[in-house]
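An overview of the molecular structure
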Amino acid sequence: MKNHLFFIGYMGSGKTSVARALSEKLDLPLLDMDEAISKRFDMPINKIFETFGEERFRDAETELLDEISKLDSPLIVSCGGGVPMRPENRALLKENGKTILLNATIEEIIRRLNCDSHSNENARPLLNNEIDESHIKAMIEKRKAVYEETADFSISTDGLAPEEIALNIIELMHF
Ligand code: S3P
């Protein structure tokens, strides 16, 4: 059994910043899946969707997760929001470490996505560059049960800074 730590959660739940804070506190290397895939294709995520389609992006996620699972030394991994939706990805998460679900209220998610959308690099193809509350609510509802079933731990991030959340995780997981 590998000892990676995987962060899952909806877009805007804070995975990347919390994973970074925890990697600094535990002195473990960080791998951001979106960033790694974007590097491989040498283009931002929204361009990958546009050029090759969503399925190709989803295949790239599964390929990368499979590679991560073969690495022996532990990593902190920030997963893209869609990663737990494929059954083979869920199996890889379960077999290769512990998975932490970051929860946030819809209001907080929308606030964070609004902040991010000012930067084109962070454009989220599934949102079509639009922060539509009912669309986001429907997506969260659709994914909620799968996220919860995949996670070994869940943690609320509302109103907390990434460093505070990282400290809560350290306490929760008895590091
Ligand atoms: C996606 C989330 C994004 C990125 C892609 C698809 C999703 O990552 O992988 O736009 O399906 O929820 P973040 O959750 O890091 O924003």
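To keep things clear, this report deals only with the structure shown in the data block. (Residues numbered from 1 in each chain as written. Predicted model: local features only at pLDDT ≥ 70, side-chain atom pairs only at ≥ 80, totals over all residues. Heavy atoms only, no water.)

Considering the overall build of the protein chain
- When its secondary structure is counted, the protein chain shows eight helices and five strands.
- Walking the protein chain from its N terminus toward its C terminus, one meets helices and strands in the order β-α-β-α-α-α-β-α-β-α-α-β-α.
- Seen along its three principal axes, the alpha-carbon backbone of the protein chain occupies a region of about 40 × 35 × 30 Å.
- Here the protein chain holds 175 residues, and 48% of them are scored as buried.
- Looking at the protein chain as shown, the accessible area adds up to about 9000 Å², and 50% of this sits on carbon and sulfur atoms. (Helix = DSSP H or I, 4+ residues; strand = E, 2+ residues; numbered from the N terminus. Buried < 20%, exposed > 50% of the residue type's maximum accessible area, 1.4 Å probe, protein only. Areas by Shrake-Rupley, 256 points an atom, 1.4 Å probe, with all protein chains shown as cover.)

Notes on the site of the ligand
- In the neighbourhood of the ligand, 14 residues make up the surrounding shell, with Lys15, Asp34, Arg58, Leu126 and Arg143 lying closest.
- Lys15 places a polar side-chain atom, nitrogen or oxygen, 2.4 Å from an oxygen atom of the ligand.
- A distance of 3.4 Å is found between an oxygen atom of the ligand and a backbone nitrogen or oxygen belonging to Gly82.
- For the ligand, the protein covers 96% of the area, taking 380 Å² as the surface of the free molecule.
- The element contributing the most residues to the shell around the ligand is helix α4 (residues 54-69), with three residues.
- When its residues are assigned to classes, the shell around the ligand shows five nonpolar, three polar and six charged. (Near = heavy atom within 4 Å. Polar contact = N/O pair within 3.5 Å; in protein donor to acceptor, adjacent residues only side chain to side chain. Nonpolar A, V, L, I, M, F, W, Y, C, P; charged D, E, K, R; others polar.)

Structural notes on helix α2 (residues 33-41)
- Among all positions of α2, only Met33, Ala36, Ile37, Ser38 and Phe41 are buried.
- In this structure, the buried residues of α2 make contact with β2 (30-32), α3 (45-52), α4 and β3 (76-78).
- Where α2 begins, the capping side chain belongs to Asp32, and its oxygen is found 3.2 Å from the backbone nitrogen of Asp34.
- One or two positions beyond α2, positive phi appears at Asp42, with a value near 55°. (Contact = heavy atoms within 4.5 Å.)

A word on the sheet that holds β3
- In space, the five strands of this open sheet follow the order β2-β3-β1-β4-β5, with parallel pairing throughout. The open sheet is flanked by β2 and β5 (153-156), the only strands paired with a single partner. Strand-to-strand twist of the sheet, defined as the mean angle between neighbouring strand axes without regard to direction, takes the value 20°.
- In the packing of α4 onto the sheet, the strands contacted are β1 (4-8), β2 and β3, and the crossing angle to β1 comes to about 155°.
- Docked against the sheet, helix α5 (residues 87-95) engages β1 and β4 (97-103), running at close to 115° with respect to β4. (Pairing = 2+ DSSP bridges. Axes fitted to C-alpha atoms, helices over the stretch in contact; angles between N-to-C directions.)

Brief notes about the nonpolar core
- One finds Tyr10, Leu31, Met33, Ile68, Val77, Cys79 and Ile136 to be the most contacted residues of the largest nonpolar core, which totals 36 residues.
- Breaking this core down by element, the ones donating at least two residues are β1, α2, α3, α4, α5, α6 (106-116) and α7 (133-150).
- In terms of residue count, α4 provides more of this core than any other element does, five residues in total.
- Ignoring anything within four residues of it in the chain, the contact list for Met33 reads Glu61, Leu64, Leu65, Ile68, Val77, Ser78, Cys79, Gly80 and Val83.
- Listed in part, the 15 residues of the second largest apolar core include Phe7, Val18, Ile100 and Ile165. (Core = buried A, V, L, I, M, F, W, Y, C linked by side-chain atoms within 4.5 Å.)

Quick look at the environment of Glu108
- With respect to the secondary-structure elements, Glu108 resides in helix α6.
- Overall, Glu108 belongs to the buried group, its relative accessible area being 16%.
- Glu108 sits 49 residues away from Thr157 along the chain, and the two C-alpha atoms are 9.0 Å apart.
- Setting aside residues up to four positions removed in sequence, Glu108 forms contacts with Asp158 and Gly159.

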